[in-house]
Each structure stands twice: as structure tokens, then as C-alpha cells.
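# An overview of the molecular structure
Letter by letter, the chains look like this.
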Amino acid sequence: MNGSQIVLSLDRVLRWIVQIAAINLLWFYYTLIGLCIGGVFPATLAALGVSRKWIMGNTDINIRKTFNLDYS
């Protein structure tokens, strides 16, 4: 393995870590907004929806916009 392959592999791993951390922070934020019970299920479904889009290959999405839930 040469240096550029190592850097590319490390970059890919670190991007996934940052994306997962962002989903976790948004899940926690929207759970608190929903006052725990009312926010756990919608926040979890939104997090799973974003994860599903990533798994399906749609990696160029705006996480915040996709995760945004309308409670009104």
C-alpha cells in the first residue's frame, strides 16, 4: 500500500465517523425538542432515513435538511 492509498482509506473512515457523529447529535437535539417521548420515535425514524439514503448510495445529501422534522 502506498501513501496515497492510506490517506484515501483514512479519509473515507474519518468521513463516516463525522457523518455518524452528526446523525447522533441531530438525533439527540430533536429528541430533546420533542420532550423525550414525543421526540424519540420521529428522531429515530429520521436518523434511519438518512442512514438508508447513505446505504443506497446517495451520499451527497444535506443531513440537516433531510433530518429536519416539522412538529407543527
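Before reading further, recall that the structure is shown in the block above.
Not measured: the values here are computed from a predicted model. (Residues numbered from 1 in each chain as written. Predicted model: local features only at pLDDT ≥ 70, side-chain atom pairs only at ≥ 80, totals over all residues. Heavy atoms only, no water.)

### As for the overall build of the protein
Put simply, the rule is: Secondary structure follows DSSP: runs of H or I at least 4 residues long count as helices, runs of E at least 2 residues long count as strands, and numbering of each begins at the N terminus. Whether a residue is buried, partly exposed or exposed follows from its accessible area with a 1.4 Å probe, protein chains only, as a fraction of its type maximum: under 20%, in between, or over 50%, in that order. Any two residues whose heavy atoms approach within 4.5 Å at even a single point are treated as in contact. To be clear on the numbers: accessible area is Shrake-Rupley with a 1.4 Å probe, and residue cover counts the displayed protein chains and nothing else.
Scanning the protein from terminus to terminus reveals three helices and zero strands. The buried share of the protein, taken over its 72 residues, is 19%. Within the protein, counting contacts between residues at least 6 apart in sequence, those at least 24 apart form 55% of the total. In the form shown here, the protein has an accessible surface area of approximately 5,600 Å², with 67% of it arising from carbon and sulfur atoms.

### What to know about the pattern of salt bridges
Selection rule: In the sections that follow, a salt bridge refers to a side-chain nitrogen of Lys or Arg positioned within 4 Å of a carboxyl oxygen of Asp or Glu.
Applying the stated criterion across every chain yields a total of one salt bridge. Among the ionic pairs, Arg-15 bridges to Asp-11, the shortest N-O distance being 3.1 Å. Here Arg-15 and its partner Asp-11 are both found in helix α1 (residues 3–33), four residues apart, which amounts to about one turn of the helix. The exposure class assigned to Asp-11 is partly exposed, which follows from its relative accessible area of 35%.

### A closer look at the nonpolar core
Inclusion rule: Here the nonpolar core consists of buried residues drawn from Ala, Val, Leu, Ile, Met, Phe, Trp, Tyr and Cys, with membership extended through side-chain atoms lying within 4.5 Å.
Grouped together as the largest cluster of nonpolar side chains are eleven residues: Ile-23, Leu-26, Tyr-30, Ala-43, Ala-46, Ala-47, Val-50, Trp-54, Ile-61, Ile-63 and Phe-67. Looking at this core, the elements with two or more residues in it are α1, α2 (37–55) and α3 (63–67). Ignoring any residue separated from it by four or fewer positions in sequence, one finds Leu-26 in contact with Ile-63, Arg-64 and Phe-67.

### A few points about a nonpolar patch on the surface
The criterion, for reference: Residues with no salt bridge and a relative accessible area higher than 30% make up the patches, which join like charges within 9 Å and nonpolar side chains (Val, Leu, Ile, Met, Phe, Trp, Tyr) within 5 Å.
A contiguous nonpolar surface patch, about 370 Å² in accessible area, is contributed by Leu-10, Val-13, Leu-14 and Ile-17. Within the secondary structure, Val-13 is located in helix α1.

### Some words on the packing of aromatic side chains
The condition that has to hold: In this scheme Phe, Tyr and Trp rings, the latter by its six-membered ring, pair at centre separations within 6.5 Å, and the angle between planes marks the pair as stacked below 30 degrees, edge-to-face above 60, and tilted otherwise.
Scanning all chains against the criterion turns up two aromatic pairs. Ring centres 5.8 Å apart and planes at 85 degrees place the aromatic pair Trp-16 and Trp-54 in the edge-to-face group. With Trp-16 in helix α1 and Trp-54 in helix α2, this residue pair connects regions lying 38 residues apart in the sequence. A ring pair is formed by Tyr-29 and Tyr-30, whose centres lie 5.2 Å apart and whose planes are at 75 degrees; its orientation type is edge-to-face. Tyr-30 sits in the buried class, given a relative accessible area of 4%.

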